[in-house]
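An overview of the molecular structure
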Amino acid sequence: SAVISQKPSRDICQRGTSLTIQCQVDSQVTMMFWYRQQPGQSLTLIATANQGSEATYESGFVIDKFPISRPNLTFSTLTVSNMSPEDSSIYLCSVDGGGVTEAFFGQGTRLTVV
Amino acid sequence: QKEVEQNSGPLSVPEGAIASLNCTYSDRGSQSFFWYRQYSGKSPELIMFIYSNGDKEDGRFTAQLNKASQYVSLLIRDSQPSDSATYLCAVTGFGDMRFGAGTRLTVKP
């Protein structure tokens, strides 16, 4: 199994600002995933981040709004840019277990935009 | 059509009963199937995964997969109040994982 440290665990931000969320894994992983979970909803995949290449974004998510970095095989960041109250959500990073196996999740970042 | 569909519930069962959670998926190329439990305010935690048709048992939990019907279920035997949570069905095809909306389960003492 993988241990994932995600921070911050929560933040309250002003609209128009940006927040960068960090995700650190205790082992090298090929793929890292960023999800959003809006209140009462399930997880929605934002993008897949592979080391050494541009992140792949899902429909409805764009790089200008959610830039992602993946500088090495154990770390990734997601930035929520120019925030609005609609961005208030829980953001989760996850990694695969090696091949097509279970995903492991960070603790999540609860973001509130005021 | 949603890729992964679940009955949102809430599903309420008495303590000691069997809870049955269902999930259907649209992509016939899906390869792996997962059940996660998510307590309020917490991250999802893996309960079980299944790759092959049939049943897979782990303690009080049994996952059932029927690829022909594109259907996967989770049975929880001897349900306990601590099983009260939202259960997420997830499916993978070629790398990423798609989640259902989740079924909220309440086990009443």
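Structure shown above.
**Regarding the overall build of chain B**
On a plain count of helices and strands, chain B comes out with zero helices and 11 strands. In chain B, the succession of α and β elements from N to C terminus is β-β-β-β-β-β-β-β-β-β-β. Relative to the 2.2 N^0.38 estimate, which gives 13 Å for 109 residues, the radius of gyration of chain B is 13 Å and therefore close to what a compact globule would have. By its C-alpha atoms, chain B is 40 × 30 × 20 Å across when sized along the principal axes. Excluding contacts between residues fewer than 6 apart, the proportion of contacts in chain B whose partners are at least 24 apart in sequence is 53%. Carbon and sulfur atoms make up 47% of the accessible area of chain B, which amounts to about 5300 Å² in all.

**Considering the overall build of chain A**
Counting its secondary structure elements, chain A contains zero helices and 11 strands. Beginning at the N terminus, the succession of helices and strands in chain A can be written as β-β-β-β-β-β-β-β-β-β-β. Whereas a compact globule of 114 residues would reach a radius of gyration of roughly 13 Å, chain A reaches 13 Å, a difference of no more than 12%. C-alpha extents for chain A along the principal axes are approximately 40 × 25 × 20 Å. Across the 114 residues in chain A, those meeting the buried criterion constitute 50%. Long-range contacts, defined as pairs at least 24 residues apart, comprise 51% of the intrachain contacts of chain A with a sequence gap of at least 6. Split by element, the accessible area of chain A, about 5400 Å² in all, is 48% carbon and sulfur.

**Observations regarding the interface of chain B and chain A**
Counting residues at the interface gives 20 residues for chain B and 19 residues for chain A. Here chain B meets chain A over a buried area of about 1400 Å², counting both sides, of which 55% is carbon and sulfur. Taken together, the connections running from chain B to chain A amount to one salt bridge. Ionic pairing is found between Glu 58 of chain A and Arg 98 of chain B, a salt bridge with its closest N-O pair at 2.9 Å. Ranked by residues supplied to the side of chain B that touches chain A, first place goes to strand β4 (residues 32-38) of chain B with four residues. Split by residue class, the side of chain B that touches chain A holds 10 nonpolar, eight polar and two charged.

**Here we look at the sheet that holds strand β6 (residues 54-58) of chain B**
Residues and elements named next belong to chain B. Within the open sheet, the five strands sit side by side as β1-β3-β8-β7-β6. Their pairing is antiparallel. If you trace the sheet from one side to the other, it starts and ends with β1 (4-6) and β6, each paired once. The sheet shows a mean angle of 20° between the axes of neighbouring strands, direction not considered. Two elements, β1 and strand β3 (residues 19-25), share three bridges in a ladder whose sense is antiparallel. In the strand pairing of β3, Val 4 is matched with Tyr 25.

**A few points about the state of the cysteines**
All names here are of chain A. This model, assessed by the stated rule, comprises two disulfides over all chains. Shown here is the disulfide that connects Cys 23 with Cys 93, its sulfur atoms set 2.0 Å apart. Its S-S torsion of about 70° marks the bond between Cys 23 and Cys 93 as right-handed, since a negative value means left-handed. Here Cys 23, found in strand β3 (residues 19-25), pairs with Cys 93, found in strand β9 (residues 89-95); they are 70 residues apart in sequence, far enough to count as distant.

**Section: the pattern of salt bridges**
Scanning all chains against the criterion turns up six salt bridges over all chains. A salt bridge links Arg 77 of chain B to Glu 57 of chain B; its shortest N-O distance comes to 3.4 Å. Taken together, the positions of Arg 77 of chain B in the loop between β8 (71-76) and β9 (85-92) and Glu 57 of chain B in strand β6 put the pair 20 residues apart, joining distant regions of the chain. Assessed through its relative accessible area of 26%, Arg 77 of chain B is described here as partly exposed. Overall, the relative accessible area of 59% leaves Glu 57 of chain B in the exposed class. Residues Arg 60 of chain B and Asp 83 of chain B are paired through a salt bridge, measuring 2.8 Å at the closest nitrogen-oxygen approach. Taken as a pair, Arg 60 of chain B in the loop between β6 and β7 (61-66) and Asp 83 of chain B in the loop between β8 and β9 lie far apart in primary sequence, 23 residues in all. For Asp 83 of chain B, a relative accessible area of 1% gives the class buried. When salt bridges that share partners are traced, they join Glu 58 of chain A together with Glu 3 and Arg 98 of chain B into one network.

About the thresholds
- Residues numbered from 1 in each chain as written.
- Chains lettered and ligands numbered in written order.
- Predicted model: local features only at pLDDT ≥ 70, side-chain atom pairs only at ≥ 80, totals over all residues.
- Heavy atoms only, no water.
- Helix = DSSP H or I, 4+ residues; strand = E, 2+ residues; numbered from the N terminus.
- Rg over C-alpha atoms; globule rule 2.2 N^0.38 Å.
- Contact = heavy atoms within 4.5 Å.
- Areas by Shrake-Rupley, 256 points an atom, 1.4 Å probe, with all protein chains shown as cover.
- Buried < 20%, exposed > 50% of the residue type's maximum accessible area, 1.4 Å probe, protein only.
- Buried area = accessible area lost by both parts, 1.4 Å probe.
- Salt bridge = Lys/Arg side-chain N within 4 Å of Asp/Glu carboxyl O.
- Nonpolar A, V, L, I, M, F, W, Y, C, P; charged D, E, K, R; others polar.
- Pairing = 2+ DSSP bridges.
- Axes fitted to C-alpha atoms, helices over the stretch in contact; angles between N-to-C directions.
- Disulfide = S-S within 2.5 Å.

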